[in-house]
Amino acid sequence: MEEEKLLDLNEIPEEINFIVKIKENEIDEKEYESIKESPYEYIQNFYEELFPNMGKRVMEFLSLVPISLVLPKFIDANGKENISRINYLLLSNPGTGKTSISNYFVNISQNPFPFEYITDSKLSSVLHNKDKVTVITSDIARILRDPYLSKLIENVIGDEGKLSRFTQKTKNIEEKKIDAVAYFAGTPANLYTTISDGLIFRVTPQVVFHTEKEIEEKLKKINRDIGNENGIKRYDKQKVIKYFYERLYEVQEGLSIKKRVLGYEIPQYFRDEIEKKLIPLFVKSFKSTEFEFNRELNQCYKYMISHAFLNVFNRKITNDGKLILEDKDLRVALNLSEKEVRMKTIILICINLISERKLKTLMDLDYYTKDYERRFKRKYPYLNYMILKTIIRAR
């Protein structure tokens, strides 16, 4: 068995060592205990304070992306190793906090590489010096406009994690394996391009359109916070979250007393629950889109193990390094998988609808939605309408 490494503690007990490190980093002990107890909720609540009606829905996915980079692979249905990495795409209107979220995300990521635009040759050169990387950009449109850069990104964040580069010295193409996760952001106007390029099937997409009520709530919240001390309290929490992720990375680097995770122990009833609650949704979506959601089934397990590791200080690890998953991990994974599949289904249905109904103008769209409401006696879904509207405008 691999010998555990310590944090240079000189035999100091773990709880005392944490107190020492907390003092050194000026971390609030009560806040640190709070995030250790319920990290998933703590992180979401913090970002919701910063970005009303945005932070929570983003971070329920995005909080799992950084740690998915450091986790071991899991065995798929064919007995092959499957990567644990998660990639995330946020599409929302200007002013909703995409760039600010990316700046915060840099602080909790391992080996972050943020950029707005970069050439494919420069990106290839930078990534060739890295084994693990978190790719971060809040302007996905620039990437999609460059076919070479788009293809490079696709290969890097894909299942194979492959990076190719032509070298002048050897006149050969060098290939390198790389572990990468990504946070991409852009406006809904980029939606049509992400679909046509196929990127949307390699990420967890989230399209956010705020309603008038949500915008009003957000503005009221911002107004109430101007000039008070909430900003100082949030800065303290931001430090706690950053410190917490650093402790998680130390576990996988063998620098913590907590045993390093080498695999997973998944109860059989988890598979039964997925078969009962998720598979029917996949089948229903297939009927609507003719798209097979095999990758999304694996994604459910990625959410599951990432959430379990986010709670590693509250979880048991077997002697041979297997992280024991709990019921809450399953519940979170089911929830996120359902949201991901529903979002992809809506996007694909909208694309097909535009083609089948020949919706070329906004006038065509208005006629279609009014006819829908007349026939079905209910309001046309807001998200569907906004996606259709955005795609028609972008074409």
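Data block above holds the structure.
The structure contained in this document is the topic of the report that follows. Nothing here was measured: the structure is a model prediction, and the numbers come from that model. Each chain has its residues counted from 1, running along the sequence as written. With the structure being a predicted model, the display of local features is reserved for residues of pLDDT at least 70 and the display and counting of side-chain atom pairs for 80 or more, all residues being used for whole-chain, interface and lining totals. Hydrogens are left out, water is left out, and the side-chain values use all remaining heavy atoms of the structure.

Points about the overall build of the chain
Stage number 1. The number of helices and strands found in the chain is 18 helices and 11 strands.
Stage number 2. Taking all 395 residues of the chain together, the buried fraction comes to 51%.
Stage number 3. As presented, the chain carries roughly 20200 Å² of accessible surface, and 49% of it is formed by carbon and sulfur atoms. We count a stretch as a helix when DSSP gives it H or I for four or more residues in a row; a strand needs E for two or more, and each element gets its number in order from the N terminus. Each residue is placed in one exposure class: buried if its accessible area under a 1.4 Å probe, protein chains only, is under 20% of its type's maximum, exposed if it is over 50%, and partly exposed if it falls in between. Accessible surface area values rest on a Shrake-Rupley calculation with a 1.4 Å probe, where residue burial reflects the displayed protein chains alone.

Side note on the packing of helix α16 (residues 327-356) against helix α18 (residues 382-394)
Stage number 1. Axis lines are fitted through C-alpha atoms, for helices just across the contact stretch, and the angle between N-to-C directions can take any value from 0 to 180 degrees. The N-to-C vectors of α16 and α18 enclose an angle of 50°; their axes lie 10 Å apart at closest approach. In terms of orientation, α16 lies oblique with respect to α18. By crossing handedness, the relation of α16 to α18 is classed as right-handed. Counted together, Met343, Ile346, Ile347, Cys350, Ile351, Leu353 and Ile354 of α16 and Leu383, Asn384, Ile387, Leu388, Ile391 and Ile392 of α18 form the full contact between these two elements.
Stage number 2. Per-class residue counts for the contact of α16 with α18 are 12 nonpolar, one polar and no charged. In what follows, roughly perpendicular refers to angles from 65 to 115 degrees, roughly parallel to angles under 35, roughly antiparallel to angles over 145, and oblique to any angle outside these ranges. Take the far helix as the reference: if the near one is turned anticlockwise from it by less than a right angle, the crossing is left-handed, and if turned clockwise, right-handed. Residue contacts are defined here by distance: any two heavy atoms, one from each residue, within 4.5 Å place the two residues in contact. Under the scheme applied, nonpolar residues are Ala, Val, Leu, Ile, Met, Phe, Trp, Tyr, Cys and Pro; charged residues are Asp, Glu, Lys and Arg; polar residues are all the others, including Gly.

Overview of helix α15 (residues 294-310)
Stage number 1. With 17 residues, α15 extends 25 Å between its outermost C-alpha atoms, agreeing within 8% with the 24 Å of an ideal straight helix rising 1.5 Å per residue.
Stage number 2. Counting buried positions along α15 gives 13 out of 17 residues, so the element sits mostly inside the fold. Given a helix with a known number of residues, its expected span is that number minus one, times 1.5 Å.

What to know about the sheet that holds strand β5 (residues 132-137)
Stage number 1. Strands were regarded as paired on the criterion that DSSP finds at least two bridges between them. Overall, parallel pairing links the five strands, which are arranged β4-β5-β8-β3-β9 in an open sheet. The strands lining the two open edges of the sheet, one partner per strand, are β4 (112-114) and β9 (204-208). Pairwise comparison of adjacent strand axes, ignoring direction, gives a mean angle of 15° for this sheet.
Stage number 2. Both strand β3 (residues 87-92) and β9 contribute to a ladder of five bridges, which runs parallel. The residue of β9 that forms the bridge with leucine 91 is valine 207.
Stage number 3. Where helix α9 (residues 147-157) meets the sheet, its contacts fall on β3, β5 and β8 (179-186), and the angle it forms with β8 comes to roughly 130°.

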